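One-letter residues, chain by chain:
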Amino acid sequence: MSANFVCGDLTCSGCGACVEACPFHALSMKESGLCGEPVPTVDPSNCRDCGRCHAVCPACAPVELRKPLKTYAAWSSEPSDVALSSSGGIATALARKVINGGGVVYGTASVNGAARCVSVDREVDLESLRGSKYVYSDPGGAYNDVKKYLADGRKVLFISTPCQVAALRSIVGDTREGLICIDLICHGTPPIAFLREHLDFKVKGGWDSFSFRGANDFHMCAYRDGELVFDEPCYEDEYFSVFVTGVIHRDVCYECPYACNQRAGDITLGDFWGLDKSTLGSAPPGKVSVVLCNTETGINALADLPETVYREERLFSEADNVEQTNLHEPSPRTRDRSRFLKAYGKVGFESAARKTWAWKRYWLRTKKNKLLKLIGK
């Protein structure tokens, strides 16, 4: 086994299944390499070569992916869901249903300057899980905790990237009563080191949490003690602009086996990009989610939602369109990726981001728009 990888550096997504499965605590996630990508690192003094890490690694032993059985356009009509959720609020509606039934919900929250997979079992705490976090999320022991909750007879809703959903399925097995897995249509997961460096540069006086979507939609926002201390539109922010254009993902994201129309979760969620809203049977109050039900568990979970959630069945071909890129292929590795990495090792994140063509295009567009507004006045 490699000193740092169970499955090899070109296939490791950092899902953490191997870390949680090791009975001898011989593995831990550590930031490695130029970009600080989290990787499973082996302590040879504890390793017994039992093979458990290989058995649960989704790259070594892939889980079965499923074709969607049903496709929906959906949204919640709850005012707070419309205002604060990244898309149509379906994840929040499903989470609320599970919690009100005595279950537990896992999702990603911004915690102490990092993105972490956390559990909540009170509706009031769902706020921390709202909004997309465009960065690697640390699973932090979540898979084994889910296994314990299921053993105790509690229902669990697990919401994460497809690679982490596959990791959970490898840990708990597919004969798991009471578990609903939601995988998100994922653009890629940059290492947290990039975001830390960026916000440390931008925010004087420190920050402890961040957001990209929700109330300040498509804005790079940072907070300190709950107060907004930094807010910049996505195409005016260096981190957001190079994330959107796929420059700073983890290397394996450019070869992602889950960026396809066969899915890891019971349900797949995302923005319904490319939908002709004029063809809907009802006018949405805001954003619309695409919902793919990939198993009977997923179909039943969606059907069990209250009438405040509107869902309309659509053709899968409407969802798998040219705008929904990551539903049929990974984000491409562009020339900007090489340009960024070459500069990053010498000048750091801010200057490296500004050397990319992606940033220059958005910078010029922003300046042009500001000039046109000024002329208009």
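Only a predicted model underlies this, so the values are computations on that prediction, with no experimental measurement involved.

**With respect to the pattern of salt bridges**
Tallied over the full model, the rule gives 22 salt bridges. With a shortest N-O distance of 2.6 Å, Arg-263 and Asp-183 are connected by a salt bridge. Here Arg-263, found in the loop between α8 (238–244) and β12 (267–271), pairs with Asp-183, found in strand β8 (residues 179–184); they are 80 residues apart in sequence, far enough to count as distant. The class of Arg-263 is buried, set by a relative accessible area of 1%.

**Let's talk about the side chain of Ser-160**
With respect to the helices and strands, Ser-160 occurs in strand β7 (residues 156–160). Residue class for Ser-160 comes out buried when judged on its relative accessible area of 3%. Among all residues touching Ser-160, those that are not within four sequence positions of it are Val-165, Ile-182, Asp-183 and Leu-184.

**Quick look at the sheet that holds strand β9 (residues 209–211)**
One open sheet holds the three strands; their spatial order is β9-β10-β11, and the pairing between them is antiparallel. Each edge of the sheet is formed by a strand with only one pairing partner; in this case those strands are β9 and β11 (227–233). Direction aside, the axes of adjacent strands within the sheet are offset by 20° on average. Relative to strand β10 (residues 219–224), β9 runs antiparallel, the two being bridged by three bridges.

**Some remarks on the environment of Ser-87**
Mapped onto the elements of the fold, Ser-87 is located in the loop between α3 (79–84) and α4 (90–100). Judged by its relative accessible area of 12%, Ser-87 is buried. The spatial distance from the C-alpha of Ser-87 to the C-alpha of Asp-43 is 42 Å, given a sequence separation of 44 residues. Here Ser-87 is in contact with Gly-270, Asp-271, Lys-287, Val-288 and Ser-289, once residues within four sequence places are set aside. Side-chain polar atoms of Ser-87 contact the side chain of Asp-271, separated by 3.3 Å.

**Here we look at the packing of aromatic side chains**
In total, this model carries 20 aromatic pairs according to the counting rule given. On the basis of an interplanar angle of 45° and a centroid distance of 5.2 Å, the ring pair of Tyr-134 and Phe-212 is categorised as tilted. Separated by 78 residues along the polypeptide, Tyr-134 in the loop between β5 (114–120) and β6 (137–138) and Phe-212 in the loop between β9 and β10 bring together distant segments of the chain. Neither residue differs from the other here; Tyr-134 and Phe-212 are each classed as buried. For the ring pair Tyr-239 and Phe-349, a centre distance of 6.0 Å and an interplane angle of 35° mean the geometry is tilted.

**Details of empty space enclosed by the protein**
Scanning all chains against the criterion turns up one cavity of 30 Å³ or more. By volume, the largest cavity amounts to about 40 Å³. As for the largest cavity, its lining consists of Trp-75, Ser-76, Asp-81, Val-82, Ser-87, Gly-88, Pro-285, Gly-286 and Lys-287. Looking at the lining of the largest cavity residue by residue, the classes come out as three nonpolar, four polar and two charged.

**A closer look at the nonpolar core**
The biggest cluster of nonpolar side chains holds 28 residues, and the ones touching the most others in it are Leu-195, Leu-199, Phe-210, Met-220, Tyr-239, Ile-248 and Phe-349. The set of elements that each furnish at least two residues to this core consists of α7 (192–202), β10, α8, α11 (335–347) and α12 (349–354). Those residues within four positions of Phe-349 in sequence are excluded, and the remaining contacts are Phe-194, Glu-197, His-198, Glu-238, Tyr-239, Val-242, Ile-248, Phe-340 and Tyr-344. One finds Ala-93, Leu-94, Ile-267 and Ala-301 within the second-largest nonpolar core, a separate group that totals 26 residues.

**Things to note about helix α5 (residues 142–151)**
Looking at α5, one finds that the buried residues are Ala-142, Tyr-143, Val-146 and Leu-150. Seen along its axis, α5 keeps its buried residues to an arc of 100°; they face one direction. For α5, the exposed residues set more than 90 degrees away from the buried face come down to Lys-148 and Ala-151. Buried residues along α5 sit in contact with α1 (17–21), β4 (104–111), β5, β7, α6 (162–172) and β8. Phi for Gly-153, located one or two positions after α5, is positive at around 85°.

Basis of the calculations
- Residues numbered from 1 in each chain as written.
- Predicted model: local features only at pLDDT ≥ 70, side-chain atom pairs only at ≥ 80, totals over all residues.
- Heavy atoms only, no water.
- Salt bridge = Lys/Arg side-chain N within 4 Å of Asp/Glu carboxyl O.
- Helix = DSSP H or I, 4+ residues; strand = E, 2+ residues; numbered from the N terminus.
- Buried < 20%, exposed > 50% of the residue type's maximum accessible area, 1.4 Å probe, protein only.
- Contact = heavy atoms within 4.5 Å.
- Pairing = 2+ DSSP bridges.
- Axes fitted to C-alpha atoms, helices over the stretch in contact; angles between N-to-C directions.
- Polar contact = N/O pair within 3.5 Å; in protein donor to acceptor, adjacent residues only side chain to side chain.
- Phe/Tyr/Trp six-rings, centres within 6.5 Å; stacked < 30°, edge-to-face > 60°.
- 1 Å grid on protein atoms, 1.4 Å probe; cavity = no way out; pocket = protein on both sides within 12 Å on 5 of 7 lines; lining within 4 Å.
- Points joined across faces, edges and corners; volume = space filled by probe spheres on them.
- Nonpolar A, V, L, I, M, F, W, Y, C, P; charged D, E, K, R; others polar.
- Core = buried A, V, L, I, M, F, W, Y, C linked by side-chain atoms within 4.5 Å.
- Arc of directions from axis to C-beta.

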